[in-house]
Amino acid sequence: TVLFMDICGFTSLSKSVEPHEVMQMLNTLFSSVDKLTDKYKVHKVETAGDCYIVSSGVLSDQTYNGFSCTLDHHDRPGVSAGRVMEFAKAVLQETAKVNMPYSSDPVQMRVGIHSGDVVSGLIGTKLPKFSIFGDTMNTAARMESTGQPGRIHVSETTQGLLSEYAWE
């Protein structure tokens, strides 16, 4: 399961305040979100600008020469989807405590989640980076970009894995 989230109004924010204020706000925001990744046992894949990406069910608990190992297969996708959903709910609560620099309004996030197969691995030789690829990433990104501020937009696939949740 993969989650994409971004800050609503980030483009106008970055044009209207000093760069150091943008960086300070992003550091405050993403540092609080980073702490939640441990609590909910999800993996931070990356940040790019105001986009924050996590996954669950990709990495195993095993390591090899200090590196995390990926899962060959996943026999409990509902558990991973549940971890990501609970993480997303906590993120919306936590990020609402951070204010936008230009208005002092609480930060609003848009969140998208999709569950499915991915390909993963280390990319490059100079500053090698763990990356995840595949249609699951594209679908999670679309779920986020078409979602509403302050809401979690999930795909039908993820919804099917989370039958215990009430849906609108």
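See above for the structure.
Residues numbered from 1 in each chain as written. Predicted model: local features only at pLDDT ≥ 70, side-chain atom pairs only at ≥ 80, totals over all residues. Heavy atoms only, no water.

Let's shift gears to the overall build of the protein chain. Looking only at helices and strands, the protein chain features five helices and nine strands. Put simply, the protein chain runs from its N terminus to its C terminus through helices and strands in the order β-α-α-β-β-β-β-α-β-β-β-α-β-α. Looking at the protein chain as a whole, 40% of its 168 residues qualify as buried. Within the protein chain, counting contacts between residues at least 6 apart in sequence, those at least 24 apart form 65% of the total. When the accessible area of the protein chain is evaluated, it comes to approximately 9,700 Å², of which 49% is carbon and sulfur surface. (Helix = DSSP H or I, 4+ residues; strand = E, 2+ residues; numbered from the N terminus. Buried < 20%, exposed > 50% of the residue type's maximum accessible area, 1.4 Å probe, protein only. Contact = heavy atoms within 4.5 Å. Areas by Shrake-Rupley, 256 points an atom, 1.4 Å probe, with all protein chains shown as cover.)

With that settled, the discussion passes to the sheet that holds strand 6 (residues 109–114). Note: strands within a sheet are paired through backbone hydrogen bonds, in either parallel or antiparallel orientation. Pairing in this open sheet of five strands is mixed, and the strands run 2-3-1-6-9 from one edge to the other. The open sheet has two free edges, formed respectively by strand 2 (43–48) and strand 9 (152–154), since each of these has just one partner strand. Neighbour to neighbour, the strand axes of the sheet diverge by 20 degrees on average, direction disregarded. Lying on the sheet, helix 2 (residues 19–40) is in contact with strand 1 (2–7), strand 2, strand 3 (51–55) and strand 6; it crosses strand 3 at an angle near 10 degrees. In this fold helix 3 (residues 77–95) packs onto strand 1, strand 3, strand 6 and strand 9, with an angle of close to 175 degrees to the strand it touches most, strand 6. (Pairing = 2+ DSSP bridges. Axes fitted to C-alpha atoms, helices over the stretch in contact; angles between N-to-C directions.)

What follows concerns the environment of Val-84. Within the fold, Val-84 resides in helix 3. Classification of Val-84 as buried rests on a relative accessible area of 0%. Distance in space between the C-alpha atoms of Val-84 and His-114 is 9.7 Å, their sequence separation being 30 residues.

Once that is clear, we can look at unusual backbone geometry. Positive phi outside glycine occurs at Lys-41, with the angle close to 55 degrees. With respect to the helices, strands and loops of the structure, Lys-41 is situated in the loop between helix 2 and strand 2.

Attention shifts here to the side chain of Ser-115. You can see Ser-115 is positioned in the loop between strand 6 and strand 7 (119–123). Engagement of the side chain of Ser-115 in a polar contact is seen with the side chain of Thr-1, the distance being 2.7 Å. (Polar contact = N/O pair within 3.5 Å; in protein donor to acceptor, adjacent residues only side chain to side chain.)

Let us look at the side chain of Thr-37. Position of Thr-37 relative to the elements: it lies in helix 2. Overall, the relative accessible area of 8% leaves Thr-37 in the buried class. Once residues lying within four places of it in the same chain are set aside, the contact partners of Thr-37 are Val-42, Lys-44, Tyr-52, Val-54 and Phe-87.

Attention shifts here to the pairing of strand 8 (residues 129–133). One ladder, built from five bridges, connects strand 7 with strand 8; its direction is antiparallel. Of the residues in strand 8, the one forming a bridge with Leu-122 is Phe-130. Linking strand 7 back to strand 8 in an antiparallel pair, the connection comprises five residues, with Gly-124 at a positive phi of about 90 degrees.

Contact geometry of helix 2 with helix 3 gives a least axis separation of 10 Å together with a crossing angle of 150 degrees. In terms of orientation, helix 2 and helix 3 fall into the roughly antiparallel class. Helix 2 and helix 3 meet at a crossing whose hand is right-handed. Only Arg-83, Glu-86, Phe-87, Ala-90, Val-91, Glu-94 and Thr-95 of helix 3 make contact with helix 2, whose side of the interface consists of Leu-29, Ser-32, Val-33, Leu-36, Thr-37 and Tyr-40. Among the residues making up the contact of helix 2 with helix 3, the classes are represented as seven nonpolar, three polar and three charged. (Parallel < 35°, antiparallel > 145°, perpendicular 65-115°, else oblique. Left-handed = near helix turned anticlockwise from the far one by under 90°. Nonpolar A, V, L, I, M, F, W, Y, C, P; charged D, E, K, R; others polar.)

The next subject is the packing of aromatic side chains. One pass over the structure, following the stated rule, counts one aromatic pair. Each ring, one from Phe-30 and one from Tyr-52, has its centre 5.2 Å from the other, and the planes form 55 degrees; the classification is tilted. Here Phe-30, found in helix 2, pairs with Tyr-52, found in strand 3; they are 22 residues apart in sequence, far enough to count as distant. Neither residue differs from the other here; Phe-30 and Tyr-52 are each classed as buried. (Phe/Tyr/Trp six-rings, centres within 6.5 Å; stacked < 30°, edge-to-face > 60°.)

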